[in-house]
Structure formats: structure tokens, C-alpha cells
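Below are the chains, spelled out letter by letter.
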Amino acid sequence: MVEIEIDGKKVEVQEGSMVMDAANKIGTYIPHFCYHKKLSIAANCRMCLVEVEKAPKALPACATPVSAGMIVRTASDKAVTAQKSVMEFLLINHPLDCPICDQGGECQLQDLAVGYGKSSSRYEEEKRVVNPKDAGPLISMQEMSRCIQCTRCVRFGQEIAGVMEFGMIGRGEHSEITTFVGKTVNSELSGNMIDLCPVGALTSKPFRYSARTWELSRRKSVSPHDGLGANLIVQVKSGKVMRVLPLENNDVNECWLSDKDRFAYEGLNSAERLTKPMLKQDGKWQEVEWQTALEYVAHGLRNIKHEHGADAIAALGTPYSTLEELSLLQKVVRGIGSGNIDFRTRQSDFTLDGKVSPWLGMSINDFAALDRVFVIGSFLRKDHPLLSARLRLSVKRGAKLSILHATDDDLLMPVANKMIVAPSAWLAALGEIIVAVAQAKGIAAPAGFEKVTATSAAQAIAASLLSDDAKGVLLGNAAAQHPQASQLHMAAQWIAEHTGAKFGYMTEAGNTVGGYVANALPSDGGANAQQMFAQARKAYVLLNAEPEFDSFDPQTARAALNQAEMVVALSAYKHGMDYADVLLPIAPFTETSGTFVNCEGRVQSFNGTVKPLGDARPAWKVLRVLGNLLGLAEFDYDTSEAIRNDVLNAGHVVEPVLPTVLHTRLNNIADLPLQVSTSNGAASGIERIADVPIYFADAVVRRAASLQETTDAQAPQAWLSAALAEKLGIAHGDRVHVKQGQGSTTLFAAIDKALPDSVVRVAAAHASTVALGAMFGAIAVEKA
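Residues numbered from 1 in each chain as written. Predicted model: local features only at pLDDT ≥ 70, side-chain atom pairs only at ≥ 80, totals over all residues. Heavy atoms only, no water.

Draft legend 1. Looking closely at unusual backbone geometry. With a phi angle near 55 degrees, D282 is a residue other than glycine that sits in the positive phi range. Structurally, D282 can be placed in the loop between β14 (278-281) and β15 (284-287). Under the relative-accessibility criterion, D282 is labelled exposed at 80%. Phi at E634 is positive, roughly 60 degrees, even though this residue is not glycine. Inspection of the secondary structure assignment puts E634 in the loop between α20 (619-629) and α21 (640-647). (Helix = DSSP H or I, 4+ residues; strand = E, 2+ residues; numbered from the N terminus. Buried < 20%, exposed > 50% of the residue type's maximum accessible area, 1.4 Å probe, protein only.)

As C-alpha cells, then:
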């Protein structure tokens, strides 16, 4: 540590840090444009010039290292003169269009021009003009003449997003920021460049010209769209969500948002919103009052229980629902006498029920500090955009990433070791790593592994995990959805325990962990999410669920719903009108209060940011009234906080992190026999690997218009390896028939040279693929 003096105040800072860091520590503001605490130092705007004693000229605070005894003056005549001179140069070419600029009112240049700019310009020549560019459906580059070349956007792409989609061309006053020729910006984190732009050069296309910043109310919320639970500022005008920005929280999402979290709000204002309760009578839908609809539901559930027994009733939630909603849903179902309740719609192996509550197994900050990371079955970039960004920074500082997966997607970071094998071979691949670990430690491998031989890739992963660094073994969404998920869990846990690594899951949605806390799980012989469709029930209650998009096997789900006597859909959207009998309009997360428990077990409660649309009501209120109509006990809650405190057994303010109620590890791994095939695991024939595209993951995102125009939202293709395509006589771009189970669909073929030869990648959760069966398993492809 070294001590320096800034404007008469003494401050101790780390040796090697910059004057700007020291100023930030004592709350002294130094004007700047290109500096950002999360980005590298560029020092190209020169706005942060300060006077340093004994230095012949003013120095940039962002790029001047501190030294013992340094004396800095940020507001001396010398410093202010330098800062004003820089501002004059910055404004030479800047257009005078503040009145029509979307950045007006929240513009760094505007603010600093008031403090450091002149009242008139000495520049009389023509200002330069930069042609607009097309950066895609999310970022507007229509007024690039405003750009001051701070390069924040360029550095963000290189350092955080991992892909350089913006760059600078030209020199001097001819320099300009541009995309690559003919390319749009396709990063899943691209919206952060809008926040970073200190002027109005990069603005939000969906928000453009829709409101002024001073007209907007700002309210805090939490995102449900992935396991991180990013903190949000929801901006509202006239009772409508107009824009979503990040709320800085260094323990969760830092100051970033994924595009899914940022732009999904468009789905809240979709034309598909359900605003009044609806009943289907004689095949026709009609709007009714809440009392009529809920009494119809209560009467129908009583009748089905009387005629077929309580086991004929099943309820399915989603991990995008709040803790309170899932808690009351399970209480209603159990109050009726049924144990058929689940929220894990895309899971297929439930062997570990009651033994494991999947969570990250560590804090997000601990995850970011890992030196050796082994990720099993994860479409990392698209499933977990911000966790992936943290991992990218770890790899930059020297961490080593190893992966086991069926696809070799570009993760935009170096991967030290990889095993790309068919899903049916994942268990065998983990078996090889187990043997390599056992051999390296001189211990016996689990029974049944005597004939397993570790490949060089398995040995490399084992060696990485046996180092003395901070290590983590993590299961992704595809591993959790895998038909052998329990075996994968046991194998991965064995590896973690014998290498001293932390072990956990990167969970699917904002409240995946909360679903376990709320006990929205089958009990007393009740059916899980897969069983309640495989053995069809007479009545289904769906909470935020659209089973043909959200299920592991949409084919089976749809068949079960079609034969049911009664389907009650609690939804924010007019969905399922061909199989549902009752549609109850419920409020999405911005219109209700509630709680999400994120992947690290962090309890995050929030309030509604706008009133529910039309006659929509918070789902917890709907379920509370339904419980009352059914005559069930303990349905007298007045607030969502009361439900939350009841669920968490806390009559006081909830602790921010509750890992004590969660358990990732099996207490005794021998409770379940670990049986790993000694073959290469390849199934006979061709098998499917299904990703859930980032902008089709949940009901709100599927209706966000701008996200649906992105590259990531393009219609799914049937991806084959070059060898398999040649064997089947299929070329890139050919139309192919894809058959699975009882269904089939026609898609365009695409070649992915990195896919295993026996694997076809076909996305789930899309209208063009819902006719297919399970997300994993045998699949047939032939040229159309």
C-alpha cells in the first residue's frame, strides 16, 4: 500500500493502482468518458487530466500509477484548464441535437459540457458526418456522428463479451466505430454497450423515441430468465414497462445484464396478453368474471376427485414462477389430496428426489474465483450468459476450463481440455475421468470400473482437477435434463470429492432453487413432471407453463393434455386455447410481488413495478382464493411476504443467502449404485441433443419482438456432423425429415464439423420442433 494526497485528503491505495482508483476510494469525482471500472484502461478521451505536483503537464488520472507521497490536485487552475480544453475539442464535431437525442437527460457528455464547456464554440468549419450503420434489432447506430471514440463498446466486446463486434477504422477526425462489413451485433450481452456509451451514439432500438428519461419511474426487480437472478431497474411510464436496466450488485450480476434480461420486457406488452378470465363452453371461449371462473375450477376439481380420486389431478409449475406461487400451488394440490406436483418441466430422471436440492454449491463470487473448472453438459454461453462472462474473465487471468458435452460451441474463451461425445457416452466419459483420478491418487476406483481405460483427454481433465488450485465441478442444464442425470450427478460428485473440488449445478431459471425450497415436488407416491404426462391424468393445473414448449417430451405432454377432462391454465398469455378449458389471467413478475432464490441460494424479494394488466391478478392471490373456495386450511395470507416468511420458517427479515436449506451432495454416494458402462457408450443409430435456444426459454422471452428478430432466434435447423451428412447423402441447406417417437417435422440441414458422428442437434422449445419427442434419445433423419 502507498499513501498519496488528493485535494488535501490523504488516502492509502494498492501499489500499482491508478490515481482514478484513489480518487474513487475517497469519493472525489474526476470527469471522464473512456474510463470504466470494469474495463481496461484506454486513456484516449483525456477528460480526466489532473495536476500532479512536480509533473510538467497535466496527467490522465485513469492511466497514472500512484507513487508514495504523490500530491494530486483535481480542481486546480491547471487541471480545470486542461479539462476545459479537452471538452472544447470533444464538442468540435459533436452535433447540436440534444433535443432529439435518446440519451438526453442521462448523457455524460451533456452533464460535463455544462461544467466544463464554453457557452459558444470557436470552431466555424463544417462538422464531420458519420454514416449510420445497421447493428441488428437491438442496438441503433443511426447517429454515429455523436460518437467521441471512447472505445468503451470495443473494449467491452473484447474483454467481457469475448467477441470483438465493434472496432475503430480511420485516423484522426476520420476515425469511427463500426461493425465488421455486412455483420450485425449478435452477442448475448450486446445491450451492455448501450449502457456503456457515454453519448447518444449507441441507443436501444426497442426503446428508441418512446419516452424521455425524466418521465420514467425507476423500480427495483429481479430477473427470472436464468439461474443468476440478475438485479433490475424497471423503468415505467403511465403504468407500462418502457425499459429495463441493470441494478448494480457485485455479488450477482455486477453492472451487466444479458440481452434476455434487458429486452424481454417487450413480451410483457405483447398482444397475446390474457386480460380477463375465460371459459370454454361448447367449444367456444367466452370471457367471465373471476368469481365465476374460480368457482368453475373449484367445482371441476371436486367432481374429478369424487369420480376418479385425488390422484387424477396433477399440477405443473415452472421454475420461472415465484417462491410464493409455487408454495401455494403445492398446498392447493396437497390440500385436495394429490401428491402430483412438480415444476421441473424439462427434467427426465428423478432418482435423486429427496436426496439432492441442486444449487451452485458456492457463492457466485467463489465461482468467479475458481482456477480449475470442469463443466458437464452445458450450452454455457446461451444458458448462463453472465456466469459465462465471469468464467471468461477467470480464464483470462489464468484459470483452466475443461468441458464434457455433445457439442463444441464457441464459448469465446480458451478451453484447456474437452471431451465432445454423444450424450449416451457422457457417463462413460466421466468413468474414464474417475479412473484417471483413482490412478493418479493410488486409490481404488468404484466397483465396475476395472476394465475402463482413461483416454488422454480424461487424464488431462483429471490432472487439471488434481492441481492445488481452487476447483469446481459443475453440471449444466443439459446434464440436469439428461435421462441419466442421477448417474451423472454421482459420477461428477465422486470426481469432486476425490479432487477436493466444489460441486454444484448451474441452474436453469430464476427460481429453480426456490422450487425446492417451496416443496413444489411430488410426495407420498405422487407423480413427477414426466410421470404426470406419461400416465395421463384427468385434470391438470398449469402455472406459467406452456407444456409443448417447456416439457422434456412435448409429444407426450400434448397427448396427455388433449385427453384430459379439465385443464386449468394460470397464464399471462392466451396460450393453450385448443386444450385448456379455463384460462386465468395472472401477472408476470413485473406486476406482482414475490421472491426468487437464485443458483447460489440467494433469497431476492421484489415488489410489482406496474399494476396488473386488465383483470389479471397475482398468481398467489388467485391460488389463495382457490384454496378458500376448496375449503382448505391455512389459506388466509394477506401479503406475499407472509407466504415467503412461512415458507422460509422466518418471521423476520430473511437472510440474503440460505444455503443451509440446500444440499447438492449425496450424503452417502453408495445409496445409489454407480453403474457406468465400460463401452464407449454410443447408442446404436442416431441420437438427439436438444438445446433450449436462449430466446425461447420461457413464455415472456418467446413474445419479446426484438429478441425474436435476432440471429439466436432463427428457426432451428437439424445440425449433423460432416460424416453423418455424407453417410445420409445430405448437404448443408437441404430440407430433411426429422422423425422422433410418433411425430416428425421438416427442417433445413446444417453441418457442424465438431458434432460427434452419431449426434443430431435439434433445438427444443420452438414451434417447428414441438411435434418431436424427448430432448434426448433416438432420432431419424432423412433427406426430404
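On we go.
Draft legend 2. Layout of the UniProt feature "domain: 4Fe-4S His(Cys)3-ligated-type" (unreviewed entry) in the protein. Under the UniProt annotation, the feature "domain: 4Fe-4S His(Cys)3-ligated-type" (unreviewed entry) is placed at residues 78-117. Across residues 78-117, the secondary structure splits into 60% helix and 0% strand, with the terminal C-alpha atoms separated by 16 Å. (UniProt positions renumbered as here; feature names shortened; annotations may be inferred.)

Draft legend 3. Inspection of α21 at higher detail. Of the residues making up α21, those classed as buried are S640, I643, R644, N645 and V647. Against the buried residues of α21 lie α8 (323-336), α16 (512-517), β26 (594-597), β27 (603-606) and α20. Phi for N649, located one or two positions after α21, is positive at around 50 degrees. (Contact = heavy atoms within 4.5 Å.)

Draft legend 4. Structural context of the pairing of strand β13 (residues 240-246). Counted residue by residue, β13 has 6 buried out of 7 residues, so it is predominantly covered. Where strand β12 (residues 231-237) meets β13, 6 bridges bridge the pair, whose relative direction is antiparallel. Bridge pairing links K237 to K240 in β13. (Pairing = 2+ DSSP bridges.)

Draft legend 5. Structural detail: the side chain of Q83. Relative to the elements of secondary structure, Q83 occurs in helix α2 (residues 77-92). A relative accessible area of 0% places Q83 in the buried class. Not counting residues within four places of it along the chain, the set of residues in contact with Q83 comprises P31, M47, L49, V50, T74 and Y116.

Draft legend 6. The arrangement of the domain arrangement of the protein in detail. Split by domain assignment, the protein resolves into domain 1 (1-78), domain 2 (278-349 + 514-664), domain 3 (364-505) and domain 4 (687-783). Taken over C-alpha atoms, the centre of domain 1 sits 54 Å from the centre of domain 4. (Domains from an automatic or database assignment.)

Draft legend 7. Structural view of the nonpolar core. I433 and V473 are the most contacted members of the largest nonpolar core, which totals 150 residues. Ignoring anything within four residues of it in the chain, the contact list for V473 reads F374, I376, L465, A492, I495, A496, A501, K502, F503 and G504. Membership of the second largest hydrophobic core comes to 54 residues, among which are F343, L521, L570 and I643. (Core = buried A, V, L, I, M, F, W, Y, C linked by side-chain atoms within 4.5 Å.)

Draft legend 8. A look at helix α4 (residues 152-161). In terms of residue burial, α4 counts as a mostly covered element, since 9 of its 10 residues are buried. Within α4, burial applies to R152, C153, V154, R155, F156, G157, E159, I160 and A161. In the core, the buried residues of α4 are packed alongside α3 (108-116), β8 (166-169), β9 (176-179), α5 (192-196) and α11 (385-396). Residue G162 follows α4 closely and has a positive phi angle near 85 degrees.

Draft legend 9. Fine view of the sheet that holds strand β17 (residues 341-342). The 7 strands lie next to each other as β15-β14-β25-β24-β23-β16-β17, forming an open sheet whose pairing is mixed. Two strands close off the open sheet at either side, each with one partner strand: β15 and β17. Where strand β16 (residues 313-316) and strand β23 (residues 539-543) come together, 4 bridges link them in parallel fashion. Across the sheet, A315 pairs through a bridge with V541, a residue of β23. Across the sheet, helix α7 (residues 290-308) is in contact with β14, β16, β23, β24 (566-571) and β25 (582-585); its angle to β25 comes to roughly 135 degrees. (Axes fitted to C-alpha atoms, helices over the stretch in contact; angles between N-to-C directions.)

Draft legend 10. Inspection of the packing of α4 against α11 at higher detail. For the pair α4 and α11, interaxial distance at closest approach is 8 Å and the crossing angle is 85 degrees. With respect to each other, α4 and α11 are oriented roughly perpendicular. Across from Q158, E159, I160 and A161 in α4, the residues of α11 making contact are A389, R392, L393 and K396. (Parallel < 35°, antiparallel > 145°, perpendicular 65-115°, else oblique.)

Draft legend 11. Structural context of the pattern of salt bridges. For the structure on display, the rule yields 40 salt bridges. In this structure, the salt-bridge partner of R703 is E546, at a minimum N-O distance of 3.0 Å. Residue R703 is located in the loop between β28 (687-689) and β29 (718-720), and its partner E546 is located in the loop between β23 and α18 (547-550); the two are separated by 157 residues in the primary sequence. For E546, a relative accessible area of 1% corresponds to the buried category. Taken together, the salt bridges that share partners define one network made up of E272, R346, E508, E546, D550, R702 and R703. (Salt bridge = Lys/Arg side-chain N within 4 Å of Asp/Glu carboxyl O.)

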